[in-house]
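Now for the letters of each chain:
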Amino acid sequence: MKKRDHEAEQALRVLIADDSRDAIAQIGSWIHERWPRAELFDVCTPEEAIDTAIARKIENLVLDLDFGAQRASGVVIARTIREARRTEKTLSTRIVFRTVHAGDAGYLRQIEKLITDDRHRPTVWGFLDKGSVPKRVAQNAIEQVFLYELCFSDIFNQRFKESPSRDLTDLEFTALIYIAVGATNDGIGWLYRCITAKRRANCGGLYQKMKIVSREVLRKGSPRSLKAGRGFAMRP
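Residues numbered from 1 in each chain as written. Predicted model: local features only at pLDDT ≥ 70, side-chain atom pairs only at ≥ 80, totals over all residues. Heavy atoms only, no water.

Participant: Just checking my understanding: could you explain the pattern of salt bridges for this structure?
Facilitator: If the charged atoms of two oppositely charged side chains come close together, the side chains can form a pair. This structure, assessed with the given rule, holds 13 salt bridges. The salt bridge partner of arginine 34 is glutamate 143, with a shortest N-O separation of 3.0 Å. Taken as a pair, arginine 34 in helix α2 (residues 21-34) and glutamate 143 in helix α6 (residues 135-146) lie far apart in primary sequence, 109 residues in all. Judged by relative accessible area, arginine 34 falls into the partly exposed class, the value being 24%. For glutamate 143, a relative accessible area of 10% gives the class buried. Salt bridges sharing common partners tie together Asp18, Asp64 and Lys130. (Salt bridge = Lys/Arg side-chain N within 4 Å of Asp/Glu carboxyl O. Helix = DSSP H or I, 4+ residues; strand = E, 2+ residues; numbered from the N terminus. Buried < 20%, exposed > 50% of the residue type's maximum accessible area, 1.4 Å probe, protein only.)

Right, here's the structure in full:
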């Protein structure tokens, strides 16, 4: 894995397209903290994202996957930009898709349709969950895609990774890698092309070996409801 040159890192230009100003401010501040000289462009609609990326020839894109009902998705934005750039052979398109549960099966299916299309496939792509993701994880994802050009297609290939640990099977070690980049349990099941029960058994075995307590165990030790006046009841 080779990092792009120092000049590319210093001249990092990134378009952030999201319908949430808070989400834009969060990822923008994390990018600027890691790369103070980065030039950021932010927009809140799919139309602005397409126009800005094309007009300013921005190669690094952070695209919300879900702009809401009746609006173009991040995948549609990416496809439109790639179509407009078909004749510009030297212009790359590096994309980090971002939304809540970005590594879920439904979103991964959308992305797969884009990256298996030779006409519209981006140069490199990745995804980042918009939930409670640690800052360093977000910065790493940006660095992997925009600077190292590490494509998540390479991470999600169909071969199981060889486990370096005697405690984890190849299947469990592969699941651990997928979890680390933000794939949900359903997303992992879809990547494995396996049924839900098998996916749960595989992930469950991994969690047990790593001594990670499941939600079910935590719920058994939690009160089903809070005292009156506290505002809500906990679901089982």
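Participant: How should I be thinking about the pairing of strand β5 (residues 124-129) in this particular structure?
Facilitator: The side chains of a regular strand alternate between the sheet's two faces. The buried fraction of β5 is high, at 6 of 6 residues. Burial along β5 is two-sided: Val124, Gly126 and Leu128 facing one way and Trp125, Phe127 and Asp129 facing the other are all buried. As judged from the 6 bridges shared by strand β4 (residues 94-99) and β5, these two strands associate in the parallel manner. Paired with threonine 99 across the strands is aspartate 129, a residue of β5. Between the parallel pair β4 and β5, the chain is carried across by helix α5 (residues 105-115), and the sense of this crossover is right-handed. (Pairing = 2+ DSSP bridges. Right-handed = clockwise from strand over helix to strand, strands pointing away.)

Participant: What is the right way to read unusual backbone geometry from this model?
Facilitator: Most peptide bonds take the trans form, and the phi angle of most residues other than glycine is negative. Non-glycine residue lysine 57 carries a positive phi angle of around 55°. For lysine 57, the location among the structural elements is in the loop between α3 (46-56) and β3 (60-64). For histidine 101, which is not glycine, the phi dihedral falls at a positive 55°. Within the element layout of this structure, histidine 101 appears in the loop between β4 and α5.

Participant: Can you walk me through α6 in this structure?
Facilitator: Think of an α-helix as 3.6 residues a turn; residues three or four steps apart then line up on the same face. With 12 residues, α6 extends 16 Å between its outermost C-alpha atoms, agreeing within 8% with the 16 Å of an ideal straight helix rising 1.5 Å per residue. Listed as buried for α6 are Ala138, Gln139, Ala141, Ile142, Glu143, Val145 and Phe146. Elements that come into contact with the buried residues of α6 comprise β1 (13-17), α2, β3, β4, β5 and α7 (152-155). (Expected span 1.5 Å × (residues − 1). Contact = heavy atoms within 4.5 Å.)

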